[in-house]
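# Structure at a glance
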Amino acid sequence: MSITARGTWRSEAQWKMMFPIGGIFFKRWDSLSIRDLADPPLNEGYDTGGTCVCGTTPEMNDPFCMATVNATSPVFEVYNNYATCMQEVNRDLVTATAAIAALTSFCMGLFANMPIALAPGMGLNAYFAYQVVGFHGSGLVSYRMALTAVFVEGLIFVALSIFGLRQWLARAIPSSLKIASGAGIGLYLALIGLTYNAGIGAITGGSGDPLELAGCVPSLLDGVSGGCISGKMRNPTMWIGIFCGGIFTAFLMMYRVKGAIIAGILLVSIISWPRDTPVTYFAHTTIGDSSFNFFKKVVTFHPIERVLVAQDWNITGGNSGQFALALITFLYVDILDCTGTLYSMARFCGAIDEDTQDFEGSAIAYLVDALGITIGSLFGSPPVTAFIESGAGISEGGATGITACMTGMCFFVSIFFAPIFASIPPWATGCTLILVGAMMARACTDINWRYIGDSIPAFLTLAIMPFTYSIAYGLIAGIISYTILNTGAWLINKASGGRIIPHDYEHKDYWTYKVRGGLLPGWVKRVLKGKKDFWRDYDFDAAEEPPVYGVDGLNEVNSQGAGTGNRSWEMAERKGDVNVGVGSGRH
């Protein structure tokens, strides 16, 4: 027997404690981080270490407690204490995540009247843990310093939301990219649902291919390559998930049965709870016994002790570089990830006004999201965002803030009933995520595939999101490629005097940075106009769109069709064309 600071050698699926409302996952440790050497190493449950410090001794050459040591080792006690501390940190984060999700989700429903729930995002969790803080704090930025950066970032987001910059960014992103981001999130969900981490385990990473077919029991996974040694597609839990959680749920959805998704999750969970069955979630192993003992508690509460208000405010001197690095990285990732996710969920629930490219209560929604980031950091949590699994509730008919309020209440209840919600197996929700992803991917039909300058950036956006496990990276790729292609086409047109234009340019989606309503929000405009009751709406808030001109600079055309697919402006086909033209849109 030996102890490892990384925790028990188990699959990621076993490390994830899952709440059924919203699909938020938490890592969890065994009562002791001890493993049997006969167990094959699978995907490890990595952690940042939180506020825990590896108490190094002169005999140790391992400042981050990464090594595996025997129980007879003179430094065994150091690793044991560190593993125990990490167990407490992870239990703190279970409570913290549920608490901040409950608070922000309820506020989103109450004040913004949107069916969108919030919680620490999975992609942002991974970015926080693996790329900023690092495994056991081995990154460039400490856990405490990273929380300080998240706190300040949230305040910056509050300012950006108050002054309308986040709303302007969401409206200014080209239409095809916004539609593609929703479809990309759908593919992202489907990928999650197919993995072992949080799904049915139908795919895994391979040594030769980035992804390969899996479906074997976790004990047959190769610890080096990650692929199945044998027994592909023979894992009984995968088939239970497919038929009882997937096919069964799909049939209920076909007949418009309310609660179809929850029914599928509950059916698979109930089948998986009894012990001594091939599909049990509580196998007779160290972690299985620990999980079952936790499950039997039914009701329990763990207070936040180690990560509450853990910020390090020593951000001057030698630490200024670390703080600036963390703040800048979180800002550029979150401003696209959080804003893009919130906008995509608003579009999925049908709240987007195609004329203004905005939704009612957007300022409040972005403000709640921003405040959640700051408050969550005080709980020790990575950035909070609108989570993409909100699509599950929307697909069930959620269209108002009541949906988010109920989700918040369920999160609050889950703080005390964590043993029950923690025992929902990942294969119970895998097919649910796939089904929701399929519904979100329907947005692909609205992408302007006729014009390469719109279709290629849109495709890069929806493809890169799932393959990089990041919404932000997908949007970055789409925006950069859109800018290069369309700016290049505009420059060539100008240089050639309108003689050289791209094929099918008449089908290009209209875009302008002068979005309707302008950059500043209505309340700022009313303050500048001297209105004492600046919080009230006035007719002049709906600013008229400026006239749009053709490439020869002479011909004024109508831009009312922006965002609807109707062509309202074109690039002149030849120099001297009098009619810039009104195209027929997409066909």
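## Remarks on the overall build of the protein
What the protein contains, in helices and strands, is 18 helices and 13 strands. In the protein, buried positions account for 53% of the 587 residues. Long-range contacts, defined here as pairs at least 24 residues apart, represent 71% of the contacts in the protein between residues at least 6 apart.

## Let's talk about the state of the cysteines
Considering all chains together, one arrives at one disulfide under this definition. Cys216 shares a disulfide with Cys228; S-S distance 2.1 Å. For the disulfide bridge between Cys216 and Cys228, the dihedral angle about the S-S bond is near -85°, and by the sign convention the bridge is left-handed. With Cys216 in the loop between strand 8 (212-213) and helix 7 (236-254) and Cys228 in the loop between strand 8 and helix 7, this residue pair connects regions lying twelve residues apart in the sequence.

## Considerations on the side chain of Thr280
Residue placement: Thr280 occurs in the loop between helix 8 (260-272) and helix 9 (286-297). A polar contact of 3.0 Å, which involves the side chain of Thr280, links it to the backbone nitrogen of Phe282. Leave out the neighbours within four places in its chain, and Thr280 touches Ser272, Trp273, Pro274, Arg275 and Trp427.

## Some points on a nonpolar patch on the surface
There is a patch of nonpolar side chains on the surface, built from Phe106, Leu110, Phe111, Ile364, Ile402, Met406 and Met409 and spanning about 690 Å² of accessible area. Every element with two or more residues in the nonpolar patch is listed here: helix 2 (76-112) and helix 13 (401-416). Its place among the elements puts Met406 in helix 13. Among the residues examined, Met406 registers a relative accessible area of 44% and is labelled partly exposed.

## Describing helix 15 (residues 430-441)
Between its terminal C-alpha atoms helix 15 stretches 17 Å, which fits the 16 Å expected from twelve residues at 1.5 Å a residue. In terms of residue burial, helix 15 counts as a mostly covered element, since nine of its twelve residues are buried. Looking only at helix 15, the buried set comprises Gly430, Cys431, Thr432, Leu433, Leu435, Val436, Gly437, Met439 and Met440. Of the surrounding elements, those touching the buried residues of helix 15 are helix 6 (175-194), helix 7, helix 8, helix 10 (320-348) and helix 12 (390-395).

## Quick word on the environment of Phe294
Along the chain, Phe294 turns up in helix 9. Sequence spacing of Phe294 and Ala418 is 124 residues, and the spatial spacing of their C-alpha atoms is 8.9 Å.

## A few points about unusual backbone geometry
Despite not being glycine, Asn113 shows a phi value in the positive range, around 55°. Topologically, Asn113 is positioned in the loop between helix 2 and strand 6 (118-120). Given a relative accessible area of 47%, Asn113 falls into the partly exposed group. Residue Asp276 is not a glycine yet carries a positive backbone phi of 65°. Inspection of the secondary structure puts Asp276 in the loop between helix 8 and helix 9.

## Some words on the side chain of Thr432
If you trace the backbone, Thr432 turns up in helix 15. Thr432 sits in the buried class, given a relative accessible area of 4%. In contact with Thr432, not counting residues within four places along its chain, are Gly245, Ile261 and Ile265.

## A word on the environment of Leu177
Relative to the helices and strands, Leu177 is located in helix 6. As a C-alpha pair, Leu177 and Tyr482 span 305 residues in sequence and 8.7 Å in three-dimensional space. When residues no more than four places from it in sequence are discounted, the contact partners of Leu177 are Pro457, Ala458, Thr461, Gly478, Ile479 and Tyr482.

## A few points about the packing of helix 4 (residues 143-162) against helix 5 (residues 165-172)
Running from amino to carboxyl end, helix 4 crosses helix 5 at an angle of 70°, the nearest separation of the two axes being 5 Å. Our classification of the angle between helix 4 and helix 5 gives roughly perpendicular. In this structure, helix 4 uses Phe157, Leu160 and Ser161 to contact helix 5, whose residues at the interface are Leu165, Arg166 and Gln167. Residue composition of the contact of helix 4 with helix 5, grouped by class: three nonpolar, two polar and one charged.

## A closer look at the packing of aromatic side chains
Per the stated rule, a full pass over the model turns up eleven aromatic pairs. With a centroid separation of 5.2 Å and 40° between ring planes, the pair formed by Trp273 and Phe295 is classed as tilted. With a gap of 22 residues between them, Trp273 in the loop between helix 8 and helix 9 and Phe295 in helix 9 connect regions that are remote in the sequence. For the pair Trp273 and Phe295, one class covers both residues: buried. Through a chain of ring-to-ring contacts, the aromatic side chains of Trp273, Tyr281, Phe282, Phe292, Phe295 and Trp427 assemble into a single cluster. In this structure, Arg275 packs its charged tip against the face of Phe292, placed 4.6 Å from the ring centre.

## Looking at the packing of helix 6 against helix 10
Between helix 6 and helix 10, whose axes approach to 9 Å, the crossing angle comes to 90°. Taken together, the axes of helix 6 and helix 10 lie roughly perpendicular to each other. Within the contact between the two elements, helix 6 uses Lys178, Ile179, Ser181, Gly182 and Ile185 and helix 10 uses Thr341, Tyr343, Ser344, Met345 and Arg347.

## Brief notes about the pattern of salt bridges
Oppositely charged side chains are able to pair whenever their charged atoms sit close together. By the definition in use, this model includes one salt bridge. The salt bridge involving Arg275 is made with Asp289; its shortest N-O contact spans 2.7 Å. Residue Arg275 is located in the loop between helix 8 and helix 9, and its partner Asp289 is located in helix 9; the two are separated by 14 residues in the primary sequence. Judged by relative accessible area, which is 32%, Asp289 ranks as partly exposed.

## Comments concerning helix 13
Here helix 13 spans 24 Å end to end across 16 residues, near enough to the 22 Å set by a 1.5 Å rise per residue. Buried residues of helix 13: Gly401, Ala404, Cys405, Thr407, Gly408, Phe411, Ser414 and Ile415, and no others.

## Structural notes on the confidence of the model for the protein
Taken over all residues, the pLDDT of the protein has a mean of 75, while the share at 70 or more is 77%. The least confident element of the protein is strand 4 (residues 34-35), whose mean pLDDT is 26; the most confident is helix 7, at 94. Of the regions scoring below 50 in pLDDT, residues 1-46 engages in 151 contacts with residues more than four places distant in sequence or in other chains. Note that residues 540-587 has pLDDT below 50 and, in this model, 97 contacts with residues that lie over four places away or in other chains.

Reading the values: the criteria
- Residues numbered from 1 in each chain as written.
- Predicted model: local features only at pLDDT ≥ 70, side-chain atom pairs only at ≥ 80, totals over all residues.
- Heavy atoms only, no water.
- Helix = DSSP H or I, 4+ residues; strand = E, 2+ residues; numbered from the N terminus.
- Buried < 20%, exposed > 50% of the residue type's maximum accessible area, 1.4 Å probe, protein only.
- Contact = heavy atoms within 4.5 Å.
- Disulfide = S-S within 2.5 Å.
- Polar contact = N/O pair within 3.5 Å; in protein donor to acceptor, adjacent residues only side chain to side chain.
- Patch = residues over 30% accessible without salt bridge, like charges linked within 9 Å, V, L, I, M, F, W, Y side chains within 5 Å.
- Areas by Shrake-Rupley, 256 points an atom, 1.4 Å probe, with all protein chains shown as cover.
- Salt bridge = Lys/Arg side-chain N within 4 Å of Asp/Glu carboxyl O.
- Expected span 1.5 Å × (residues − 1).
- Axes fitted to C-alpha atoms, helices over the stretch in contact; angles between N-to-C directions.
- Parallel < 35°, antiparallel > 145°, perpendicular 65-115°, else oblique.
- Nonpolar A, V, L, I, M, F, W, Y, C, P; charged D, E, K, R; others polar.
- Phe/Tyr/Trp six-rings, centres within 6.5 Å; stacked < 30°, edge-to-face > 60°.
- Lys NZ or Arg CZ within 6 Å of the ring centre and 35° of its normal.
- pLDDT = per-residue confidence, 0-100.

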